[in-house]
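Summary of structural features
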Amino acid sequence: MNKIYLFALLIGLGTGLWGQSVPTPAPPAEGALLLNNAVVHIGNGTVVENGGVLIRDGKIEQAGVIRGRVSGIKTVDLAGKHIYPGLIAPMTQLGIDEIGAVRATDDRDEAGSVNPNARAIVGYNTDSRVIPTVRSNGILMAQIVPQGGLFPGTSSIVQLDAWNWEDAAYVIDDAVHLNWPRMTVWEAWWAPPVEKQKKSIKENMEKLNQFMEEAKAYQTLKASGRTYKSDIKLEAIVPVLSGEKPLFISANSEQQIRAAVAFMLQHEVRMVLVGGADAWRVKAELKKYEIPVVLAPTQSLPRHSESDIDQPFKTPQLLKEAGIPFCLSGGGFWQQRNLPFQAGQAVAFGLAPEAAIQAMTLDAAKILGIADSSGSLEVGKDATLIVSEGDVMDYRTSQIVHAFIQGREIDLGNKQKALYTKFKQKYDGQ
């Protein structure tokens with residue numbers, strides 16, 4: 001094929017693939033706006049019927065019952081619609097993975113297994129077409145997390161309406177992440193010899209603990225004031241050892257979780273459990289050591305053949321009853337658009353509706369360390385909120401009609417809506 005023709009073809013394909021379909025970010029919020037006559041879900045378990053939210057210069061001035069005379073400002077009568085805090089998606093690759101099958105659009109991981117210094121924020125793409133589709137289901141903030149290896153890297157928290165990653169950044173480098181090594185030994189025809197598996201598990205644990213000991217020695221040397229050679233990998237662990245940053249440990253099996261808790265105690269770090277499929281089996285330890293949990297999607301199968309088929313649906317309520325703080329995650333990147341429906345699944349199996357809302361808003365904000373400025377509709381916090389026609393956790397009635405990030409009303413358009421509108425014109429009535 002002619003090289004010039006091939007080049008033109010590739011450019012054309014690239015234009016078609018990456019053509020602009022992402023709404024323009026909203027301008028800065030100015031002045032006052034009253035959203036009134038709505039069912040207001042504060043995010044902390046409180047619901048106010050016939051309430052409202054008063055926004056001024058991007059902040060919440062009043063929420064719930066609007067007190068005093070409010071006149072001379074723009075008012076939107078919501079006629080019984082529902083106001084919620086903007087939903088927060090933890091543990092996502094949103095904006096760093098665009099098309100799973102196309103490696104060139106995947107910026108989730110780095111080469112090697114130990115990369116705590118890899119920063120997800122610098123790879124975050126605000127022009128991702130996936131972001132608007134997630135946003136239109138109520139997710140307005142996200143924790144962007146790298147993947148792959150033992151220490152995949154450092155996450156950051158972003159708001160989902162920005163020109164670039166610098167504008168999107170809400171908290172840069174909020175936590176370091178650790179994927180706990182596999183600990184299960186399989187006795188099956190397809191598995192390596194048992195002794196080889198045991199050796200591999202032992203080596204992985206030794207590698208992990210050795211790295212932490214090296215980081216402690218590096219921390220001590222750094223604090224001594226003596227001359228030392230900088231190491232970016234060890235440098236990234238120092239804030240974890242000092243308690244400045246939490247260590248998010250992804251572990252699902254009971255054996256993994258117990259080992260991770262022992263690791264936390266040994267190295268004196270602040271742990272957040274991620275995944276936690278078997279968290280209900282180790283409730284006592286999680287409660288005792290005040291370890292919060294970022295739960296994997298409820299809409300999944302149980303890990304054990306002897307478990308109830310609906311165990312993942314019931315786990316949120318079991319943790320709630322045990323007094324263990326938790327939040328919900330939709331997993332992946334585009335999958336986050338189903339986050340509210342994951343919460344709805346938990347409601348169907350015992351979790352109170354407002355507790356489920358809290359697990360996607362205030363509790364998520366607490367676990368991510370941003371509850372002082374977001375996660376609930378309280379005075380002084382950022383006006384990051386959504387308005388839904390009905391219950392946001394019910395796909396039959398959830399229809400997001402307004403969304404505000406720090407007081408800026410954002411465009412809820414996306415590629416799917418554009419395609420629907422386009423082809424509806426052709427096929428409507430046929």
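These lines cover the structure that appears in this document, whether it is placed above or below. (Residues numbered from 1 in each chain as written. Predicted model: local features only at pLDDT ≥ 70, side-chain atom pairs only at ≥ 80, totals over all residues. Heavy atoms only, no water.)

**Concerning the pattern of salt bridges**
Inspection of every chain in the model, using the stated rule, returns 16 salt bridges. Taking the shortest distance from any N to any O, the salt bridge between Arg408 and Asp161 comes out at 2.6 Å. Taken together, the positions of Arg408 in strand 16 (residues 408–409) and Asp161 in the loop between strand 8 (153–159) and helix 3 (165–168) put the pair 247 residues apart, joining distant regions of the chain. Across this residue pair, the class does not change: Arg408 and Asp161 are buried. Bridged by salt links that share partners, the residues Glu254, Arg258, Arg281, Glu285 and Glu306 form one connected network. (Salt bridge = Lys/Arg side-chain N within 4 Å of Asp/Glu carboxyl O. Helix = DSSP H or I, 4+ residues; strand = E, 2+ residues; numbered from the N terminus. Buried < 20%, exposed > 50% of the residue type's maximum accessible area, 1.4 Å probe, protein only.)

**A word on the environment of Ile73**
Structurally, the position occupied by Ile73 is in the loop between strand 3 (59–64) and strand 4 (74–77). If near-sequence neighbours (up to four positions away) are discounted, Ile73 is found in contact with Ala32, Leu33, Leu34 and Leu54. (Contact = heavy atoms within 4.5 Å.)

**Digging into the packing of aromatic side chains**
Summed over all chains, the structure comprises six aromatic pairs. Arranged with centres 5.3 Å apart and planes meeting at 75°, the rings of Trp180 and Phe263 form a pair that is edge-to-face. Taken together, the residues span a long stretch of sequence, with Trp180 in the loop between strand 9 (169–179) and helix 4 (194–224) and Phe263 in helix 6 (residues 254–267) at a distance of 83 residues. Judged by its relative accessible area of 5%, Trp180 is buried. With a centroid separation of 4.9 Å and 50° between ring planes, the pair formed by Phe313 and Phe349 is classed as tilted. With Phe313 in helix 8 (residues 311–322) and Phe349 in the loop between helix 9 (339–348) and helix 10 (353–360), this pair connects stretches of sequence that are 36 residues apart. Judged by relative accessible area, which is 31%, Phe349 ranks as partly exposed. (Phe/Tyr/Trp six-rings, centres within 6.5 Å; stacked < 30°, edge-to-face > 60°.)

**Some thoughts on the sheet that holds strand 13 (residues 326–328)**
Through backbone hydrogen bonds, the strands of a sheet pair up, either in parallel or in antiparallel fashion. Sheet architecture is open: eight strands sit in the order 6-7-8-9-10-11-12-13, paired in mixed fashion. The open sheet is flanked by strand 6 (87–92) and strand 13, the only strands paired with a single partner. For this sheet the average axis-to-axis angle between neighbouring strands, irrespective of direction, equals 25°. Across three bridges, strand 11 (residues 271–275) lies against strand 12 (residues 293–295) in parallel orientation. Bridging from a neighbouring strand, Leu273 pairs with Val293 of strand 12. (Pairing = 2+ DSSP bridges. Axes fitted to C-alpha atoms, helices over the stretch in contact; angles between N-to-C directions.)

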